[in-house]
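Summary of the model geometry
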Amino acid sequence: MSTSTASAPSLHKPIDVTWRDVMSLCAVYWFSQPKRLAVVMGFVFAMVVLDILFPITAGLLVDRIVTAIQAGEGFDPAYRALCLYMAVVVLFFIVRNVRSRIWNVLAARNMAQLLEDTFAKVQKFSSDWHANTFAGATVRKITRGKWAYDAISEILWMNFLPQGLMVIGVTAVMIVRYPSVGLMFAVGVVIHVGASILVASRYVRPANVRAAGADSAIGAAVADAMTNNAAVKSFGAEIREEARFRNTVLSWREKAIVAWTRGWDLIFVQQVIWRFMQFLTIFMLIGLASRGQATAGDIVFMLTLNSQLGGYLRQVGDHIRQLQRATSEFADVVDFHARPLQIADQAQAPSLRREEGRIEFSNVTFGYEASGKPLYDQFNLTIQPGERVGLVGPSGSGKSTFVKLIQRLYDVDKGAVMIDGQNIDAVSQTSLRSSVALVPQDPLLFHRSLSENIAYARPEASKGEIKEAARRARASEFIDRLPLGYDTLVGERGVKLSGGERQRVAIARAFIADAPIVIFDEATSSLDTITERLIQGAMRELMLGRTTIIVAHRLSTVKDVDRILVFDRGRIVEQGCHQDLIRVDSGRYRALYEMQDVAA
Ligand SMILES: Nc1ncnc2c1ncn2[C@@H]1O[C@H](COP(=O)(O)OP(=O)(O)OP(=O)(O)O)[C@@H](O)[C@H]1O
Ligand SMILES: [Mg+2]
């Protein structure tokens, strides 16, 4: 698995992002503060004018000095020209400073907004998307995207725009002053820019795209190995993982070398064109001077202009390279923004009306995108309000899928899932999910305090309510033993708690949520008998007055439920209470029961 999307179904395929897509998304942010942008542009134009005046005043200064020396009429005009020259220089730096101050505010605000928007969008992607995407890669894409936006904006608005205007301006000045040199210069600029764009887009960009892809793969590889660090350790597989990682790094190394080398080739091409142009213009000016059509000041104007433009054009190569890298990095963010939500609320979807908690599957057909045949075909089932239902069956028979469909983590292909007579497709996902409390198999906790974790469903819950929930979940006894009690930070993903402790925190959460429907995905890891009893006691208390679904791995958990559903390949092959089912001769449940009984 080299990238985050390699093995995922088409839902997760990267979207083809073009240059235009990148620019349109950037434009949304650029023009989000039009007034501030207009002020910045005013200062940019002032800078361009001063920039053009700079070589002109330099030429003027030299002409005045030469005239003063040759005619001997005094140096006053020369001193005035010097003052003018200095005034232009100083004013340029003042204007640039003010422009940057305003620009900084604009840039930081836009970056912050971009981050917020991207976070909000990615957070709404389906659980399926998140399950198929490395969190580490997503983190990198979002943070990298922020800096990529900054680089694109900076290069286009602060460099290419003013420098482009400056080139147009000086070319115009030259054409007015000495048309032949000016026209030659204009042709040279067009060739320079055209060649730069061609080499950059056809030769450099593809290499940059490949290098950026390899770079993302490194992030994904590190994230994968670190997430599974426990497995790596337990198999003593560090060396193997290192070898695997080395391959990823080597692939990046080779691609990076090619990309960087091609970047320098671009600079080389630009320099050759530029130096040749420089030679030609000065050569032609000397010709004009020999016929008395140009002064020493004109030569100084040209030389000053050359060194000024030379500086800009040297940067153009770098900027094009940075711009290309930034656009390929920003493409990930564009992908996030352009990607439709896999599970979307209908426009103005109402909230689910919380009633008694009746669950109905009516003619549901559903299959995972990756597999051909549907898992559920014309599936029908009603779970009565307050009923306690246990789901059993072999691995892969569709128990977890059943639960995911109730939470609408996937949309059904045909038919409908209804809660209290309301199609869950038609109500808001937030209201649906808050009506269904899930106690997962292996609960993950936020790296926040225990009380925040317990109160996650209802952050405004009082200290008393939190304690009461913990007590009913049989969690208070271990929490009270912790030195910091309810203020204990539980470590990233709750690693500082044992499996049984985390499960009880999850049950406490469900008490706070107070939803009419509760789903337990029973832990497969064997808990000690005391913990198991504690958890079963907590579960029984939570079930009271709520529709309950228990995905059971140990049949002992479902002995007392009202109805057991035996799943096999997406169908219910047997149902009834424990007592009835074990009496069925050669029944599926009985076979499962006898197997576990022997094992126990
Ligand atoms: N995200 C997915 N993409 C594609 N196929 C999936 C996905 N999740 C599950 N499946 C497939 O759907 C079928 C049912 O899976 P499900 O997770 O519902 O089984 P289960 O009964 O919960 O099994 P277990 O007891 O092992 O948890 C399996 O064949 C599984 O491979
Ligand atoms: Mg399962």
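Before any of the text, the structure's been laid out above.
Here's a quick rundown of the structure. (Residues numbered from 1 in each chain as written. Chains lettered and ligands numbered in written order. Predicted model: local features only at pLDDT ≥ 70, side-chain atom pairs only at ≥ 80, totals over all residues. Heavy atoms only, no water.)

1. So, the sheet that holds strand β8 (residues 547–551)
Sheet strands line up and pair through hydrogen bonds in the backbone, either parallel or antiparallel. Taken together, 6 strands build an open sheet; the order of strands is β6-β7-β8-β3-β9-β10 and the sheet is mixed. Pairing within the sheet leaves two strands with one partner each, and these edge strands are β6 (436–439) and β10 (571–576). For this sheet, the mean angle separating the axes of adjacent strands, direction not counted, is 20°. Inspection of the sheet shows strand β9 (residues 563–568) paired to β10 by 5 bridges, in the antiparallel sense. Bridge pairing in β10 links F567 to I572. Contacts from helix α16 (residues 529–543) reach β3 (388–392), β6, β7 (517–521) and β8, with the element oriented near 160° to β7. (Pairing = 2+ DSSP bridges. Helix = DSSP H or I, 4+ residues; strand = E, 2+ residues; numbered from the N terminus. Axes fitted to C-alpha atoms, helices over the stretch in contact; angles between N-to-C directions. Contact = heavy atoms within 4.5 Å.)

2. Structural notes on the packing of helix α6 (residues 179–227) against helix α9 (residues 296–338)
Packing of α6 against α9 leaves a shortest axis separation of 8 Å and a crossing angle of 30°. Viewed along their axes, α6 and α9 adopt a mutual orientation that is roughly parallel. Considering how the two elements wind past one another, α6 and α9 form a crossing that is right-handed. When α6 is examined against α9, the residues F185, H192, S196, A200, S201, V204, R205, N208, V209, A212 and S216 are found in contact with a partner set consisting of M302, L309, L313, I320, R321, Q324, R325, T327, S328 and D332. Tallied by class, the residues present in the contact of α6 with α9 amount to 9 nonpolar, 8 polar and 4 charged. (Parallel < 35°, antiparallel > 145°, perpendicular 65-115°, else oblique. Left-handed = near helix turned anticlockwise from the far one by under 90°. Nonpolar A, V, L, I, M, F, W, Y, C, P; charged D, E, K, R; others polar.)

3. A few points about the packing of helix α2 (residues 34–71) against helix α5 (residues 135–177)
At a minimum axis separation of 9 Å, α2 and α5 run at an interaxial angle of 40°. Judged by the angle between their axes, α2 and α5 are oblique. Our pair here, α2 against α5, has a crossing hand that is right-handed. Each of L37, V40, M41, V44, F45, V48, D51, I52 and I56 in α2 lies in contact with α5, whose residues at this interface are W157, M158, L161, P162, L165, M166, G169, V170, V173 and R177.

4. Section: the environment of A135
Within the fold, A135 resides in helix α5. Exposure remark for A135: the relative accessible area of 57% places this residue in the exposed category. In the structure, A135 is positioned 218 residues away from R353 in sequence and 34 Å away in space, judged by C-alpha atoms. (Buried < 20%, exposed > 50% of the residue type's maximum accessible area, 1.4 Å probe, protein only.)

5. Here we look at unusual backbone geometry
One non-glycine residue, N363, adopts positive backbone phi at about 50°. By the secondary structure assignment, N363 is in strand β1 (residues 359–366). Judged by its relative accessible area of 35%, N363 is partly exposed. With a phi angle near 50°, D514 is a residue other than glycine that sits in the positive phi range. Relative to the helices and strands, D514 resides in the loop between α15 (499–513) and β7.

6. Structural notes on helix α1 (residues 19–30)
Given a rise of 1.5 Å per residue, 12 residues ought to cover 16 Å, and the 16 Å separating the end C-alpha atoms of α1 matches this to within 8%. Every buried residue of α1 is listed here: V22, M23, L25, C26, Y29 and W30. The buried residues of α1 occupy an angular sector of 165° when projected down its axis, which confines them to one face. In α1, the exposed residues that point more than 90 degrees away from the buried face are R20 and V28. (Expected span 1.5 Å × (residues − 1). Arc of directions from axis to C-beta.)

7. Points about the pattern of salt bridges
Summed over all chains, the structure comprises 25 salt bridges. When the shortest N-O distance is used, the salt bridge between E541 and R472 registers 3.1 Å. Placement of the pair is E541 in helix α16 and R472 in helix α13 (residues 463–472), with a sequence separation of 69 residues. Residue class for E541 comes out partly exposed when judged on its relative accessible area of 23%. Exposure remark for R472: the relative accessible area of 27% places this residue in the partly exposed category. Here D514 makes a salt bridge to R546, at a shortest N to O gap of 2.8 Å. (Salt bridge = Lys/Arg side-chain N within 4 Å of Asp/Glu carboxyl O.)

8. Considerations on the side chain of T138
Relative to the assigned elements, T138 resides in helix α5. Sequence-distant contacts of T138, that is, excluding residues within four places in its chain, are made with V122, W129, T133 and F336.

9. A few points about the packing of aromatic side chains
According to the stated counting rule, one finds 23 aromatic pairs in the structure shown. A centroid spacing of 6.3 Å and a plane angle of 85° characterise the contact between W252 and W260, whose relative ring orientation is edge-to-face. The partly exposed category is assigned to W252, whose relative accessible area is 26%. One residue, R177, lies across the ring of F301, its end atom 5.0 Å from the ring centre. The residue whose ring lies beneath R262 is Y203, and the NZ or CZ to ring-centre distance is 4.4 Å. (Phe/Tyr/Trp six-rings, centres within 6.5 Å; stacked < 30°, edge-to-face > 60°. Lys NZ or Arg CZ within 6 Å of the ring centre and 35° of its normal.)

10. Looking at α6
Relative to the 72 Å expected for 49 residues at 1.5 Å per residue, α6 spans 67 Å between its end C-alpha atoms, a close match to the ideal helical length. The sharpest bend along α6 comes to roughly 45°, located at V204, with the proline P206 sitting one to four residues further on. (Bend = angle between axes of the 7 residues up to and from the residue.)

11. Regarding a nonpolar patch on the surface
A contiguous nonpolar surface patch, about 840 Å² in accessible area, is contributed by I65, I69, F75, Y79, L82, M86, V90, L91 and I94. Elements with a minimum of two residues in the nonpolar patch: α2 and α3 (76–124). Take the nonpolar patch: its biggest share by element is 6 residues, from α3. Mapped onto the elements of the fold, I65 is located in helix α2. A relative accessible area of 32% means that I65 is categorised as partly exposed. (Patch = residues over 30% accessible without salt bridge, like charges linked within 9 Å, V, L, I, M, F, W, Y side chains within 5 Å. Areas by Shrake-Rupley, 256 points an atom, 1.4 Å probe, with all protein chains shown as cover.)

12. Description of the site of ligand 1
Residues in close proximity to ligand 1 total 13 residues, the closest being S395, G396, K399, S400 and T401. Between an oxygen atom of ligand 1 and a main-chain N or O atom of S397, the distance comes to 3.2 Å. When residues of the shell around ligand 1 are assigned to their parent elements, the largest contribution, 3 residues, is made by helix α10 (residues 399–406). When grouped by side-chain class, the residues that make up the shell around ligand 1 number 4 nonpolar, 7 polar and 2 charged. (Near = heavy atom within 4 Å. Polar contact = N/O pair within 3.5 Å; in protein donor to acceptor, adjacent residues only side chain to side chain.)

Bear in mind that shape data such as this cannot, by itself, settle questions of function.
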